[in-house]
Amino acid sequence: MTTLTAKDKDAVRTFWAKVSGKEEDIGTDAVARMLAVYPQTKTYFAHWKDLSPSSPSARKHGITVMKGVADAVSKIDDLKGGLLTLSELHAFTLRVDPANFKILSHCLLVVLSIKFPNDFTPEAHVALDKFLAAVALALAEKYR
Amino acid sequence: MVEWTDFERATIADIFSKMQYEVVGPAALARCLIVYPWTQRYFGNFGNLYNAAAISGNPMVAKHGTTILHGLDRAVKNMDDIKATYTELSVLHSEKLHVDPDNFKLLSDCLTIVVAAQLGNDFTGEVQAAFQKFLAVVVSSLGRQYH
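Described below are features of the structure shown in this document. (Residues numbered from 1 in each chain as written. Chains lettered and ligands numbered in written order. Predicted model: local features only at pLDDT ≥ 70, side-chain atom pairs only at ≥ 80, totals over all residues. Heavy atoms only, no water.)

1. A look at the overall build of chain B
Convention followed: In this description a helix means any DSSP run of H or I spanning at least four residues, a strand means any run of E spanning at least two, and both kinds are numbered starting from the N terminus. This radius of gyration counts C-alpha atoms alone. The globule rule is 2.2 Å times how many residues there are, raised to the power 0.38. Remark: exposure states derive from per-residue accessible area (1.4 Å probe, protein chains only) relative to the maximum for the residue type, with buried under 20%, exposed over 50%, and partly exposed in between. Note on contacts: a residue pair is in contact if any heavy atoms of the two residues lie within 4.5 Å. The accessible surface values rely on the Shrake-Rupley method and a 1.4 Å probe; as for residues, cover is taken only from the protein chains in view. In summary, the charge assignment counts Lys and Arg as positive and Asp and Glu as negative, without counting His or the chain termini. Here the site of a charge means atom NZ of a Lys, CZ of an Arg, CG of an Asp or CD of a Glu.
On a plain count of helices and strands, chain B comes out with nine helices and zero strands. Ordered by position from N to C terminus, the α and β elements of chain B give α-α-α-α-α-α-α-α-α. Since a compact globule built from 147 residues should have a radius of gyration of about 15 Å, the 15 Å found for chain B is in line with a globular shape. Counting only C-alpha atoms and orienting by the principal axes, one finds that chain B spans roughly 45 × 40 × 20 Å. With 147 residues in all, chain B has 48% of them scored as buried. Counting contacts in chain B only where the partners sit at least 6 residues apart, residues at least 24 apart contribute 74% of the total. Carbon and sulfur atoms provide 56% of the accessible area of chain B, an area that totals close to 7,500 Å². The centroid of the 12 positive side-chain charges in chain B is displaced by 6 Å from the centroid of its 15 negative side-chain charges.

Right, dumping it as C-alpha cells:
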C-alpha cells in the first residue's frame, strides 16, 4: 500500500515503548479474540487439541505472534528484508491466506484500544494500522 | 434470517443501553476520517478536516457522528429484521449519497475500537463477537439496495 513516513515510524516506536512488558498479554488476548470473533481462522489450527480462545495452545500462539510483531518494530526500516524468513515460513509452510493478516491486525488494535485507552489516540491508531498493513505486506512477499 | 442467541441479544441491548452517544459517535467518525482519510470524500462541506486535531474538534463531524450512531438504534430495536429496517437508508446511501459500501466496514471497525476503549475489560472476546456480528448485519443491510 504505502511506505511508512518518518512520522509513522516514530509514532509506532513511541507507542511500542509503552507496550513493553505487556506483549504476552496483548498477544494472547489478540489471538483469543481472533478465534472467537472470526471462527473461520480456527481452520488453521485443526491440529490443536483445544481450539478454545483460552486454551494453552492459543496462549502460546499469541506469544509467538506477538514476538514477531515486536521484532517487526525493531526492523521497521526494512520490513521486507527483516521479515524475509518469516515470509518464507508463511508462504511455503503455513500458507495462511493473507486476508487473515488484516483480521489479526484488527484484533490487535482492539486489544491496544482496551489496554491503552488514552495513548491509543487516532494519530497512534493510523500509524499502527499502517505499520501492521506494511508487516502484512512483507509477510506476503514470498507468496508468489 | 439472522439467528441471534440469547447472549447476543442481551449483549447488544446492554451495550446500547449504556452507550454515550455524544462521545462514541463523534469519536468513531473522527477516527474513521483520520485513519482512512479517503473517507473524507463524502464530507466536502464539513469545513476543516486538514489534520487529526481539526477533525477531532470539528463540530459538524461530532454532530454527524452522533446521528450515525443513533441510526443504529432502529436495528437494536428490530434485530429480527434489520434488512427491512434499513431498506430506505440503503437506497439513500446508494442513490443519493453514493457511498462505496466498503466504507461501512471501515466505520464499523472504528466503532468497535472506540466501544472497546469505553468498555475496557468488559469488552471480552465473546462480547466483541456479538457486537461485530451485529455491525456486520447492519453493514450488509445497508449495502443491499445498491445496484
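2. Details of the overall build of chain A
Within chain A one finds seven helices and zero strands. For chain A, the sequential pattern of α-helices and β-strands runs α-α-α-α-α-α-α. For 144 residues, the compact-globule formula gives about 15 Å, and the C-alpha radius of gyration of chain A, at 15 Å, lands near that figure. Once the C-alpha set of chain A is aligned to its principal axes, its extents read approximately 45 × 35 × 20 Å. Within chain A, contacts between residues at least 6 apart in sequence are counted, and of these 76% link residues at least 24 apart. Carbon and sulfur atoms form 56% of the exposed surface of chain A, whose accessible area is close to 7,500 Å². Taking the 19 positively charged and 16 negatively charged side chains of chain A as two groups, their mean positions are separated by 4 Å.

3. Considerations on the nonpolar core
Here is the rule: As used in this record, nonpolar core signifies buried Ala, Val, Leu, Ile, Met, Phe, Trp, Tyr and Cys residues forming a set joined through side-chain atoms within 4.5 Å.
Judged by nonpolar contacts, the single largest core of 76 residues is most densely connected at Leu79, Leu112 and Phe131 of chain A together with Phe16, Leu111, Phe131 and Phe134 of chain B. In this structure Leu111 of chain B touches Val24, Ala28, Leu69, Leu72, Phe131 and Leu135 of chain B, once residues within four positions along its chain are discounted. By size, the runner-up hydrophobic cluster in this structure holds 16 residues, among which are Cys32, Leu33, Val35 and Cys110 of chain B.

4. Notes on the pattern of salt bridges
All names here are of chain A. Going by this rule: By convention in these notes, a salt bridge is any Lys or Arg side-chain nitrogen within 4 Å of a carboxyl oxygen on Asp or Glu.
If you walk through the whole model with that rule in mind, you get ten salt bridges over all chains. Across the salt bridge formed by Lys9 and Asp77, the nearest N and O atoms sit 2.9 Å from each other. You can see Lys9 sitting in helix H1 (residues 6-19) and its partner Asp77 sitting in the loop between helix H3 (56-74) and helix H4 (79-82), a full 68 residues away along the chain. Lys9 gets classed as buried once you look at its relative accessible area, which sits at 16%.

5. Observations concerning the packing of aromatic side chains
By convention here, two paired aromatic rings are described through the distance between centres and the angle between planes. Residues and elements named next belong to chain B. For clarity, the cut-off: Side-chain rings of Phe, Tyr and Trp, where Trp is taken by its six-membered ring, are said to pair if the distance between their centres is within 6.5 Å; with planes under 30 degrees apart they count as stacked, over 60 as edge-to-face, and otherwise as tilted.
All told, the structure shown has eleven aromatic pairs over all chains when counted by the stated rule. Residues Phe43 and Phe46 carry aromatic rings whose centres are separated by 4.9 Å and whose planes lie at 55 degrees to one another, so their mutual orientation is tilted. As far as burial versus exposure is concerned, Phe43 and Phe46 are alike and both buried. Here a set of aromatic residues connected by ring pairs shows up, and it is made of Trp4, Phe16, Phe123, Phe131 and Phe134.

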